[in-house]
There are 2 protein chains.
Amino acid sequence: MRIEAVDFFYLAMPEVTDEADGSQDALLVRVAAGGHTGWGECEAAPLPSIAAFVCPKSHGVCRPVGDSVLGKPLRDPADIGRMSAEVAYNSMDLLQAAHTWSGVETALWDLLGRARGEPVWKMLGYARSHPKTPYASVLFGDTPAETLARARDIRAKDFRAAKFGWGPIGRGTAAQDAEHFIAAREGLGADAILLVDTGQIFIDDVARAAERVPALEQARATWFEEPFAASALAAYGALAQRSRSVKLAGGEGAHNVDMAKHLIDYGGVGYIQIDCGRIGGIGPSKQVADYAIAKGVTFVNHTFTSHLALSASMQPYAGLEDHRICEFPALPKPLALELSQNHLRPDRNGEISAPDAPGLGIEVSPAGVRKYLQEVDIQVNGRTLFSTPKI
Amino acid sequence: MRIEAVDFFYLAMPEVTDEADGSQDALLVRVAAGGHTGWGECEAAPLPSIAAFVCPKSHGVCRPVGDSVLGKPLRDPADIGRMSAEVAYNSMDLLQAAHTWSGVETALWDLLGRARGEPVWKMLGYARSHPKTPYASVLFGDTPAETLARARDIRAKDFRAAKFGWGPIGRGTAAQDAEHFIAAREGLGADAILLVDTGQIFIDDVARAAERVPALEQARATWFEEPFAASALAAYGALAQRSRSVKLAGGEGAHNVDMAKHLIDYGGVGYIQIDCGRIGGIGPSKQVADYAIAKGVTFVNHTFTSHLALSASMQPYAGLEDHRICEFPALPKPLALELSQNHLRPDRNGEISAPDAPGLGIEVSPAGVRKYLQEVDIQVNGRTLFSTPKI
């Protein structure tokens, strides 16, 4: 079969706020080939990502993503890999291409799995889909008392793992931050997994980040996520040298496999967090998972949007029994839930698994998509390059 | 003064081909503040770059570039640096933002220089603008005989340095490539500077790239440019270990300062090639130049478009007397020449210099812009987010 159509759907909440909450909009991708349909999601700014698919060519290696996809053969996973290589080369000067391609690539895996009646994780070579321990992701409170209350609330909801992020951390003193870390541990209880995400707040300032390490270790945090800008490898590497029990985590900003490998090799992270919707899709994510195993690093998904994105991001490590922690969008905006008909729910052990169903195993809800759909129209010299398709 | 307006102009040749020739289109940026105007250029896909400035916010750190620029104060270079930091943070999840910001940042320096009556290089702290040795950039011929003829032609045009790139290199055997390298040297003569650019063709295959090193050294090539994908730091580092007289060159793909630093520290390049229109503008480029000096690496501009981009890309190292090689767009498409009224011409020594004139010292030609202007219209839900402005 050949790829006949690639359609983009931009969804948004009626109001989008300044929260660091990635579920406020979504960019869905629908691909069609040989009578089959597949769906994927870009974890990316929708409008520039659509433009990167349809824009006029700038030159031989600054081509729109569409040039490397439309009309191409899709017979097996190797064809998806070939397209990945073509996008990387033909669009090397088009920065946004990686984010656009991520959603398309994911949709191609979904389509291929549906055509074959196989889950994506099986096509990736895994024998089974192992359950994962979901962690709830919340923001730190404005005060340690608020952080304590939020931790107790998570505990009451039976989560065995929680990630606290952003908020006031890094904006005041290390002593103030320490109170939040201790409060989070106290609220969660001694046996829960505590994760901390500082959202790049220290940019590349190793000394300021290092001041937070003793309190993180005292609170028995499992990881210290994104202390620095995604590209600040040397800063990561220096901080890794100064941490003992707490490991660094990062990788959500990786938009190619090399970036993730470098964060492991030069940045010294203990947890590599990959978003399928940014790194180029499921194939590149699986390459990172393989590399992580070889380097003794733990793979974790990064997901802050829908259950379509969640299923996609679980596929690359579904078969790795020992890589158990899983980011679970605990409190997404309604659009992220309503865009699919089914969802990944915790089992009786409180764990979630990548579905044992064809493709990604998630059914998109046309009504949910229509409810939040943004009508986009892009023209150059009066010619329409993109107009939101029918669903 | 405050930034009142940021306007984008997308120019394109009537026909854009698959050549690796970046002068086939252009994205110009015009900024207005306090009665002054400045111009810059993004070396980037125009449509996604415009979209990254005007798109609706996705969440707190996936904001359009415009949010960090419009209405902000512009009093001195520190204000430009503050905006750079804001774009990096507020748009951390918007991949294309760096390319968009690059043109805006450049235009802000131009505006500030014009307002103060100072060249940009003086605002960067340089006492004078040292002349540079321009190299002509051409493609390898399809046969060694064609490469020889092109080299003789360049020699006849009095260039003392030339770069041969792309074409058949890396697509056949190392022995076939060697004939091209030897032909290029023969045609240029013994005293000319020979540079070789293989346009990422070996992706991350160190062994295949290393097979080309003996012939490059025999032909006395000064550098071996972009053997690998821009992000393949480990491959660069391994190849650097296997080269003696020929140094690696790279960096045009860097879209932030860290990437350039890592190419020096982990990739072992001897020449760091920076495009102001991609790395985030003139300020970040100057940071790379400072770092290159500290590390004993030579800074070189990357420019394949207009003389506005050429002047911008020369500013960050204008004051470095010993960093002499300069990429000069020897055979650009007409639009790249016609978009400005003046041009950087070689002096009687065959050298070129960043202008001793306010700002970037290049006057944009409204007639030239209008001749190649593409009318862009972007709407979301019937609301116009971008429409090509008047010039």
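Before reading further, recall that the structure is shown in the block above.
These lines cover the structure that appears in this document, whether it is placed above or below.

Definitions and limits used
Residues numbered from 1 in each chain as written. Chains lettered and ligands numbered in written order. Predicted model: local features only at pLDDT ≥ 70, side-chain atom pairs only at ≥ 80, totals over all residues. Heavy atoms only, no water. Pairing = 2+ DSSP bridges. Helix = DSSP H or I, 4+ residues; strand = E, 2+ residues; numbered from the N terminus. Axes fitted to C-alpha atoms, helices over the stretch in contact; angles between N-to-C directions. Expected span 1.5 Å × (residues − 1). Buried < 20%, exposed > 50% of the residue type's maximum accessible area, 1.4 Å probe, protein only. Contact = heavy atoms within 4.5 Å. Salt bridge = Lys/Arg side-chain N within 4 Å of Asp/Glu carboxyl O. Polar contact = N/O pair within 3.5 Å; in protein donor to acceptor, adjacent residues only side chain to side chain. Parallel < 35°, antiparallel > 145°, perpendicular 65-115°, else oblique. Least-squares fit on C-alpha atoms with pLDDT ≥ 70 in both.

A short note on the sheet that holds strand β3 (residues 36–42) of chain B
- Taken in spatial order, the four strands make up an open sheet running β3-β2-β1-β12 (chain B), and their pairing is antiparallel. Lying at the two open borders of the sheet, with one neighbouring strand each, are β3 and β12 (373–374) of chain B.

Concerning the sheet that holds strand β14 (residues 383–387) of chain A
- Strand order across the open sheet formed by four strands is β14(A)-β13(A)-β13(B)-β14(B), with antiparallel pairing between neighbours. Each end of this open sheet is capped by a strand with a single partner; those strands are β14 of chain A together with β14 (383–387) of chain B. Averaged over all pairs of adjacent strands, the angle between their axes in this sheet comes to 20°, without regard to strand direction.
- Pairing between strand β13 (residues 376–380) of chain A and β14(A): four bridges, direction antiparallel. Note that in β14(A) the partner of D377(A) across the bridge is S387(A).

Looking at helix α3 (residues 97–116) of chain B
Residue and element names in this part refer to chain B.
- Under the 1.5 Å per step criterion, the end-to-end length of α3 is 28 Å for 20 residues, consistent within 8% with the ideal 28 Å.
- Counting buried positions along α3 yields 17 of 20 residues, so the element is predominantly enclosed.
- Following α3 by one or two positions, G117 has its phi on the positive side, about 70°.

Some remarks on the interface of chain B and chain A
- Residue-level contacts link 59 residues of chain B with 59 residues of chain A.
- Viewed at the interface, chain A and chain B are joined by six salt bridges.
- Among the salt bridges present, the one from D18(B) reaches K57(A), with a minimum N-O distance of 2.7 Å.
- Summed over the shared surface of chain B and chain A, the number is 27 residue pairs in polar contact (both at pLDDT 80 or more).
- Elements represented by at least two residues in the side of chain B that touches chain A include exactly α1 (46–54), α3, α9 (233–241), α10 (257–265), β12 and β13 (376–380) of chain B.
- With five bridges joining them, β13(A) and β13(B) adopt antiparallel strand pairing. Counted as the bridge partner of Q379(A) is D377(B) from β13(B).

Side note on the packing of α3(B) against helix α12 (residues 282–295) of chain B
All names here are of chain B.
- Following both chains from N to C, one finds α3 and α12 inclined at 90°, their axes separated by 8 Å at the closest point. Relative to α12, the element α3 lies roughly perpendicular. Residues E105, T106 and W109 of α3 touch α12, and the partners they reach there are I282, G283 and P284.

Comments concerning the relation of the copies chain B and chain A
- At an RMSD of 0.0 Å, chain B and chain A line up after a rotation of 180° and a shift of 0.0 Å along the axis. In symmetry terms, the pair is related by a two-fold rotation axis.
- Here 100% of the contact residues of chain B are again contact residues in chain A; the copies associate through an equivalent surface.

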